[in-house]
Amino acid sequence: GMIRYVLGHFFNSFKVGKREQVGTIIGRDPYGNTYYELPAQPQLGKRRPTRWYNTAETGKDDVISKDLWAGFDSDLPSEWESWLRYRRDDPPTEDEVMQSLALAQMKKRNAAVLEEKRLEEM
């Protein structure tokens, strides 16, 4: 009964090879990153969807012929990072990302102006 049910689910959780190998493209960002998702498959022990992203550099060789860091040092909009970390259920819209990037640029410009004024006062 119950023990068989629990053990069956436990052993099914190791059947990773039975899962879909190709994810659905969920979206892209202005930096060229592409975001993917595999739906949850509770019958195979995957209760949450699998989410990841690839950059334009993913899979390319660097100077010493080894795989690059596959985007670990790439630019990543905070909205997409929140989606990747399951902090939000729905992926961000392009408008959300662009609005956030525009706000960040405005803050950088304002900070540069303030720094310039501070240096003039010294």
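Relevant structure appears above.
These numbers were taken from a predicted model, which means no experiment stands behind them.

**Focus on the environment of Ala56**
Then, number 1: Topologically, Ala56 is positioned in the loop between β3 (50-54) and α2 (78-84).
Then, number 2: By relative accessible area, Ala56 is classed as partly exposed at 47%.

**Things to note about the packing of aromatic side chains**
Then, number 1: What the rule picks out here adds up to four aromatic pairs.
Then, number 2: Ring centres of Trp80 and Trp83 lie 5.5 Å apart, and the angle between their planes is 85°; this geometry places the pair in the edge-to-face category. Remark: Trp83 and Trp80 occur in helix α2; sequence separation between them is three residues, near one turn of the helix.
Then, number 3: Judged by relative accessible area, which is 2%, Trp80 ranks as buried.
Then, number 4: By relative accessible area, which is 1% here, Trp83 ends up buried.
Then, number 5: Put simply, the rings of Tyr35, Tyr53, Trp80 and Trp83 touch in pairs and so form one group of aromatic residues.

**Observations concerning the nonpolar core**
It is characteristic of soluble globular proteins that their nonpolar side chains tend to be buried jointly.
Then, number 1: By size, the foremost hydrophobic cluster in this structure holds six residues: Tyr35, Tyr53, Trp80, Trp83, Leu84 and Val97.
Then, number 2: Examining the composition of this core, we find that three residues originate from one element, α2, more than from any other.

**Observations concerning the sheet that holds β3**
Then, number 1: Across the sheet, three strands lie side by side as β1-β2-β3; this open sheet has antiparallel pairing. Two strands in the sheet have a free side with no partner beyond their single neighbour: β1 (24-28) and β3. Put simply, the sheet's adjacent strands are angled 25° from each other on average, direction ignored.
Then, number 2: The pairing of strand β2 (residues 34-38) with β3 spans five bridges and is antiparallel.

**Concerning the side chain of Glu79**
Then, number 1: In this structure, Glu79 sits in helix α2.
Then, number 2: Despite its burial, Glu79 pairs with no opposite charge, the nearest such side chain being Arg88 at 6.0 Å.
Then, number 3: Sequence-distant contacts of Glu79, defined by excluding residues within four places in its chain, comprise Arg88, Pro92, Glu96, Val97 and Ser100.

About the criteria used
- Residues numbered from 1 in each chain as written.
- Predicted model: local features only at pLDDT ≥ 70, side-chain atom pairs only at ≥ 80, totals over all residues.
- Heavy atoms only, no water.
- Helix = DSSP H or I, 4+ residues; strand = E, 2+ residues; numbered from the N terminus.
- Buried < 20%, exposed > 50% of the residue type's maximum accessible area, 1.4 Å probe, protein only.
- Phe/Tyr/Trp six-rings, centres within 6.5 Å; stacked < 30°, edge-to-face > 60°.
- Core = buried A, V, L, I, M, F, W, Y, C linked by side-chain atoms within 4.5 Å.
- Pairing = 2+ DSSP bridges.
- Axes fitted to C-alpha atoms, helices over the stretch in contact; angles between N-to-C directions.
- Lys, Arg positive; Asp, Glu negative; His and termini not counted.
- Salt bridge = Lys/Arg side-chain N within 4 Å of Asp/Glu carboxyl O.
- Contact = heavy atoms within 4.5 Å.

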